[in-house]
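Coordinate inspection notes
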Amino acid sequence: MKILNIGSLNVDYVYKVDKFLLPGETKSSLSLNKYCGGKGLNQSIAAAKAGNEVCHAAVLGVGGEMLKEALDKNGVDTGMIQESADTCGHAIIQVDEKGQNCILLYGGTNRALTKEFIDNALDSFGNNGLVLLQNETNLVGYIIERAAEKGLMVALNAAPANDDVLGYPIDKLTWLIVNEVEGKQIAGCESDDDIIDTLRAKYPNCKILLTLGSRGACCYDGSKLYTIGCHKVDVVDTTAAGDTFTGYFLYGVLNGYSMEECLRMATTASAVCVGRNGASDSVPLKSEIDDIIKNNKYGRLEVAVKDM
Ligand code: RIB
């Protein structure tokens, strides 16, 4: 089943640092690299590398030519990308010696979507498939409404979470995808342990994928809760690990894999991703994931299943 990702495109400027900058501090970085990123682009490339058919719809600003090239190179349909004379979105990313990141976004043309553009994208996509969104574009609530009206499945990765998310028609989503920070903010709870139960009570029609970084992930599919741990691997750069997880997980869901298999594939793919530098460049191919799982290269992770 096809994915239409109405998603962000960013040029990532990645600065390696020993430690993140503190307020008022000035220091030199250890290196600078420029990568193709944006949660939207990373997720499109992850789903496409997994093997899904993906169309990416976006407004692409000046300076972002390499982003369309990367999508094309990875087999993503870019026919719905509209070029603009305004400035492209970008991200300033610090990556510390532990591979953790902190990200400053400039929205640029990611925030230039119009209702007309969205209506056209949804009309061209047809009535069968899944619309994928992240919270880096404007008009997210409008897209959810329109896509749900057309009977399309909708998955929102509510990252980065902000107050706008609470105004979106979340109950119309098929999948809400969050990490623990976003999950607590949307649920309005204090503890990671309460996220799934609170979100289920608030949005009873929604399936939920909660990623927990090095602690693994869990997913509620409407009747059962599945929990998986994480492979212990050397971490170079965690950028796009969540996006890789999302792309592979959705590929599994849309292509008849069991929830256990979806979680195992996604967990393995993000374990490979964190061992590489950059965003979309660090997303592995499906053949690598199949090889790792088939030959037990990272060890086997069990998935705990509980009736809800
Ligand atoms: O999830 C990682 C992404 O977040 C980066 O590629 C950056 O562009 C920001 O969107």
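Our structure's up above, just so we're on the same page.
Values in this document were obtained by computation on a predicted structure and should not be read as measured data.

Focus: the sheet that holds strand 12 (residues 217-220)
If you trace the 10 strands from one edge of the open sheet to the other, you get 5-4-1-8-9-10-11-12-13-14, paired in mixed fashion. Of all the strands in the sheet, the pair left with one neighbour each is strand 5 (81-87) and strand 14 (303-307). Ignoring strand direction, the axes of neighbouring strands in this sheet form an average angle of 15°. In this structure, strand 4 (residues 54-62) lies alongside strand 5, joined through four bridges in parallel fashion. Bridged to Val-62 within strand 5 is Thr-87.

A few points about the pairing of strand 13 (residues 224-228)
In this sheet, strand 13 lies alongside strand 12 in antiparallel orientation, the contact comprising four bridges. Note that in strand 13 the partner of Ala-217 across the bridge is Ile-228. Remark: three residues form the turn of the hairpin made by strand 12 and strand 13, two consecutive strands paired antiparallel; Gly-222 in that turn has positive phi of roughly 105°. As judged from the five bridges shared by strand 13 and strand 14, these two strands associate in the antiparallel manner. What sits directly across from Lys-224, in strand 14, is Asp-307.

A short note on the packing of aromatic side chains
Considering all chains together, one arrives at two aromatic pairs under this definition. Between Trp-175 and Phe-249, the aromatic rings sit 5.2 Å apart at their centres with planes inclined by 85°, giving edge-to-face as the arrangement. Separated by 74 residues along the polypeptide, Trp-175 in strand 10 (residues 175-179) and Phe-249 in helix 7 (residues 241-254) bring together distant segments of the chain. Owing to a relative accessible area of 2%, Trp-175 belongs among the buried residues under this scheme. Ring geometry for Tyr-251 against Tyr-257: centres 5.5 Å apart, planes inclined by 50°, an arrangement best described as tilted. Since its relative accessible area comes to 10%, Tyr-251 is described here as buried. Of note, Arg-200 hangs over the ring of Tyr-220, and the distance from its end group to the ring centre comes to 4.7 Å.

A closer look at the site of the ligand
Taken together, 14 residues lie near the ligand, and Asp-12, Gly-38, Lys-39, Glu-136 and Asp-243 sit nearest. Measuring from an oxygen atom of the ligand, one finds a backbone N or O atom of Gly-38 at 2.9 Å. At 2.6 Å, a side-chain N or O of Glu-136 approaches an oxygen atom of the ligand. Contact with the protein chains covers 96% of the free accessible surface of the ligand, which is 270 Å². Elements represented by at least two residues in the shell around the ligand include exactly strand 2 (10-16), helix 1 (39-50) and strand 7 (101-106).

Considering helix 8 (residues 259-273)
Residues three or four positions apart in an α-helix share a direction because the helix packs 3.6 residues into each turn. Between its first and last C-alpha atoms helix 8 spans 21 Å; for 15 residues at 1.5 Å apiece the expected length is 21 Å, and the two agree. Burial analysis of helix 8 places 13 of its 15 residues in the buried class, which makes it a mostly covered element.

Here's the deal with unusual backbone geometry
Going from Ala-159 to Pro-160, the amide bond is cis rather than trans, its omega being -10°. If you trace the backbone, Pro-160 turns up in the loop between strand 9 (153-157) and strand 10. Unusually for a residue other than glycine, Leu-139 sits at a positive phi of about 60°. With respect to the element layout, Leu-139 can be found in the loop between strand 8 (130-134) and helix 4 (140-149). You can call Leu-139 partly exposed: its relative accessible area is 28%. Unlike most non-glycine residues, Asn-296 shows phi in positive territory, near 50°. Mapping Asn-296 onto the fold places it in the loop between helix 9 (286-294) and strand 14.

Cut-offs used in this document
Residues numbered from 1 in each chain as written. Predicted model: local features only at pLDDT ≥ 70, side-chain atom pairs only at ≥ 80, totals over all residues. Heavy atoms only, no water. Pairing = 2+ DSSP bridges. Helix = DSSP H or I, 4+ residues; strand = E, 2+ residues; numbered from the N terminus. Axes fitted to C-alpha atoms, helices over the stretch in contact; angles between N-to-C directions. Phe/Tyr/Trp six-rings, centres within 6.5 Å; stacked < 30°, edge-to-face > 60°. Buried < 20%, exposed > 50% of the residue type's maximum accessible area, 1.4 Å probe, protein only. Lys NZ or Arg CZ within 6 Å of the ring centre and 35° of its normal. Near = heavy atom within 4 Å. Polar contact = N/O pair within 3.5 Å; in protein donor to acceptor, adjacent residues only side chain to side chain. Areas by Shrake-Rupley, 256 points an atom, 1.4 Å probe, with all protein chains shown as cover. Expected span 1.5 Å × (residues − 1).

Shape is all these values report; function is a separate question.
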